[in-house]
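Tertiary structure, described
Here is what each chain is made of, one letter per residue.
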Amino acid sequence: MAYSDIKQRWRAEKLDHLGSSIFAEIAGWKEEARRAGKDVIDLSIGSPDRAPSQEVREVLSQAVLAEDSYAYPGTSGSLAFRRQAAAWMAHRFGVTLDPGAEVLALMGSQDGLAHLAQAVCNPGDTAIVPDPGYPIYFGSLAIAGVKPWLLPLRQENSFMPDLDEIPDEVWAEAVFILLNFPGNPIAVQSDYAFFEKLVALAKKWDVLIVHDLAYSEMGFDDYRPISILQIPGALDTAVEFHSFSKSFNMAGCRIGFLAGNREAVAALRELKGNIDYGVFQPVQTAAIAALEQAMQRPAEDRGVAPLYERRRNALVEALAAQGWDIPKPKATMFLWAPLPGRFRTGPEPWDSRRFARELLLSTGVVVVPGSAFGAQGEGFVRIALVQEEEMLMEAAQRIGDFLKE
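So, here's what we can say about the structure. (Residues numbered from 1 in each chain as written. Predicted model: local features only at pLDDT ≥ 70, side-chain atom pairs only at ≥ 80, totals over all residues. Heavy atoms only, no water.)

In the structure shown here, the tally under the stated rule is 25 salt bridges. The salt bridge partner of Arg398 is Glu394, with a shortest N-O separation of 2.9 Å. Here Arg398 pairs with Glu394, and both are found in helix α15 (residues 389-404), just four residues apart, close to one helical turn. Through salt bridges that share partners, Asp49, Arg50, Arg311 and Glu388 make up one connected network. (Salt bridge = Lys/Arg side-chain N within 4 Å of Asp/Glu carboxyl O. Helix = DSSP H or I, 4+ residues; strand = E, 2+ residues; numbered from the N terminus.)

Let's shift gears to the packing of helix α5 (residues 109-120) against helix α10 (residues 262-273). Running from N to C, α5 and α10 point in directions that differ by 100°, and their axes come no closer than 9 Å. Between α5 and α10, the interaxial angle falls into the category roughly perpendicular. Facing Asp111, Gly112, His115, Leu116, Gln118, Ala119 and Val120 of α5, the residues of α10 in contact are Ala264, Ala267, Leu268, Leu271 and Lys272. Considering only residue class, the contact of α5 with α10 consists of seven nonpolar, three polar and two charged. (Axes fitted to C-alpha atoms, helices over the stretch in contact; angles between N-to-C directions. Parallel < 35°, antiparallel > 145°, perpendicular 65-115°, else oblique. Contact = heavy atoms within 4.5 Å. Nonpolar A, V, L, I, M, F, W, Y, C, P; charged D, E, K, R; others polar.)

Gaps left between atoms are located by rolling a probe of water-molecule size over the structure's atoms. Of the pockets and cavities examined, the largest pocket occupies roughly 430 Å³. Along the wall of the largest pocket there are 22 residues; nearest its centre are Gly46, Gln110, Tyr134, Asn184 and Lys246. For the lining of the largest pocket, the elements supplying multiple residues, two or more each, are α5 and α9 (244-247). Among the elements that make up the lining of the largest pocket, the one with the highest residue count is α5 (three residues). Taken together, the residues of the lining of the largest pocket sort by class into 11 nonpolar, seven polar and four charged. Of the pockets and cavities examined, the second largest pocket occupies roughly 330 Å³. What lines the second largest pocket is a set of 15 residues, and nearest its centre among them are Asp206, Leu208, Asn261, Glu263 and Ala264. Those elements that provide at least two residues to the lining of the second largest pocket are α5, β5 (174-179), α8 (192-205) and α10. No other element matches α10, which puts three residues into the lining of the second largest pocket. (1 Å grid on protein atoms, 1.4 Å probe; cavity = no way out; pocket = protein on both sides within 12 Å on 5 of 7 lines; lining within 4 Å. Points joined across faces, edges and corners; volume = space filled by probe spheres on them.)

The next thing to look at is the sheet that holds strand β9 (residues 334-338). As summarised here, the arrangement of the three strands in space is β9-β12-β11, forming an open sheet in which the pairing is antiparallel. Each edge of the sheet is formed by a strand with only one pairing partner; in this case those strands are β9 and β11 (368-369). One ladder, built from five bridges, connects β9 with strand β12 (residues 380-384); its direction is antiparallel. Paired with Phe334 across the bridge in β12 is Ala384. (Pairing = 2+ DSSP bridges.)

Counted according to the given criterion, the structure contains four cavities of 30 Å³ or more. In this structure, the largest cavity occupies an estimated 100 Å³ of space. Together, 14 residues line the largest cavity, and Pro130, Pro132, Leu153, Asn180 and Gly183 are the ones closest to its centre. Grouping the constituent residues of the lining of the largest cavity by class yields 10 nonpolar, four polar and no charged. What lines the second largest cavity is Arg92, Ser216, Glu217, Met218, Gly219, Tyr223, Arg224, Pro225, Arg302 and Ala305. Residue composition of the lining of the second largest cavity, grouped by class: four nonpolar, two polar and four charged.

Taking 1.5 Å per residue, 16 residues should reach 22 Å; α15 reaches 22 Å between its end C-alpha atoms and fits that length. Along α15, the positions that sit buried rather than exposed are Leu392, Ala395, Ala396, Arg398, Ile399, Gly400, Phe402 and Leu403. (Expected span 1.5 Å × (residues − 1). Buried < 20%, exposed > 50% of the residue type's maximum accessible area, 1.4 Å probe, protein only.)

Moving on to the pairing of strand β4 (residues 147-152). As paired elements, strand β3 (residues 126-131) and β4 share six bridges and run parallel to each other. Bridge pairing in β4 places Asp131 opposite Pro152. Between the parallel elements β3 and β4, the chain passes through helix α6 (residues 135-144) in a crossover that is right-handed. (Right-handed = clockwise from strand over helix to strand, strands pointing away.)

Let us now look at the environment of Gln397. One can find Gln397 in helix α15. Residue class for Gln397 comes out partly exposed when judged on its relative accessible area of 37%. Sequence-wise, Gln397 and Gln284 are 113 residues apart; in three dimensions their C-alpha atoms are separated by 42 Å.

Across its 16 residues, helix α11 (residues 281-296) extends 23 Å between first and last C-alpha, which sits within 8% of the 22 Å expected from 1.5 Å per residue. Here α11 has its buried residues at Pro282, Val283, Gln284, Ala286, Ala287, Ile288, Ala289, Ala290, Leu291 and Ala294. Packed against the buried residues of α11 are α3 (54-65), α4 (79-93) and α9.

All right, on to the packing of aromatic side chains then. Applying the stated criterion to the full structure yields 23 aromatic pairs. With centroids separated by 4.1 Å and ring planes inclined at 20°, the aromatic side chains of Tyr72 and Tyr277 adopt a geometry described as stacked. Taken as a pair, Tyr72 in the loop between α3 and α4 and Tyr277 in the loop between α10 and α11 lie far apart in primary sequence, 205 residues in all. Like Tyr277, Tyr72 is exposed. Relative to Phe380, the ring of Trp336 lies with its centre 5.2 Å away and its plane at 10°, an arrangement referred to as stacked. One end of the pair, Trp336, is in strand β9; the other, Phe380, is in strand β12, and 44 residues separate them in sequence. (Phe/Tyr/Trp six-rings, centres within 6.5 Å; stacked < 30°, edge-to-face > 60°.)

So, about the sheet that holds strand β8 (residues 256-260). The seven strands are arranged β2-β8-β7-β6-β5-β3-β4 in an open sheet whose pairing can be described as mixed. Each edge of the open sheet is held by one strand with a lone partner, namely β2 (103-106) and β4. With direction set aside, neighbouring strand axes in the sheet form an average angle of 20°. Examined bridge by bridge, β5 and strand β6 (residues 208-212) share four bridges and lie parallel to one another. Opposite Leu179, over in β6, you have His211 as the bridge partner. Across the sheet, α4 is in contact with β2, β7 (238-243) and β8; its angle to β8 comes to roughly 65°. α8 contacts β5 and β6 of the sheet and is inclined by roughly 145° relative to β6.

That is the geometry; function is a separate question.
Have a look at this one:
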């Protein structure tokens, strides 16, 4: 046997389970479209196209210039940041938190989502996650050696999870249940009664609730997202992730926080204390300014929400005029769009991957096939509202031409 035949692969098999390879494929499709002369309009990744406020940027600029900003910042986040995060939670949701034990700074909420299973589970444990769901939900379990139990989000149930569908034996095995209201890729909204039922079940079965509230400031019309920590007793059994990326246009700053149950917060703090040194202090200072600014706004000022609400309205109406009817989501920066009828019901139905690829190569408009988010996502595509209205109108026109071909 040749030496090359027994050489180690230098790649862990768990990487095969980190998430859908469709995102790498989409990058290849974009290059293929550009080589063919297409002007690409990218509506795939949910990255805000606006900057933080002028005031936040000025605070960040000054903090970066300070000579004492360049020491290791500490994994937990500064006490000033954690106090401000707790103050904002009280202001926004009426939730009282101990900033010393119930708040943890993160390098973006994805940092926490990626590591939490390693901190609270053992290999072979079970976690309940939604299908479809944000890819890191599944990838984090693969890294931790945790078995996913997929909770389907079905159109006939308005994409709400049916908690009664979870068998008792799954509740008995599960370490945590992860949910996302309003969700990505589907902007499902929860109400107080659903959260009450969830908290009661979690207490009954001694299961940790992990609530991803990255889109807390992106509610439209009469909907304003709520925190699961508003439910009496939720601190006994729940943690919640918050992000500055979407709420304050600080995606590149990489900052967020985990709030809630002190045991789970401590476990993630302990893990991160061994693998990183925390968020750059000037970024924490800028995040404090963003929260302070949000708390000083009048009650009728909804921050970034009106921008995305206008974009939602414009794109949904423009696509309807082109013959593609898409439900208006009540939150987030995404449309969850069922494939147009003839692509689903024709003699040779298309899957979401084929639709997204052909749309991109024909028009230059980039969307994500729903299958990238789980098996239940098949038959849909996700469209991100991350371009100005003029560009969204151009995308709608191109899509209309594609549908008419």
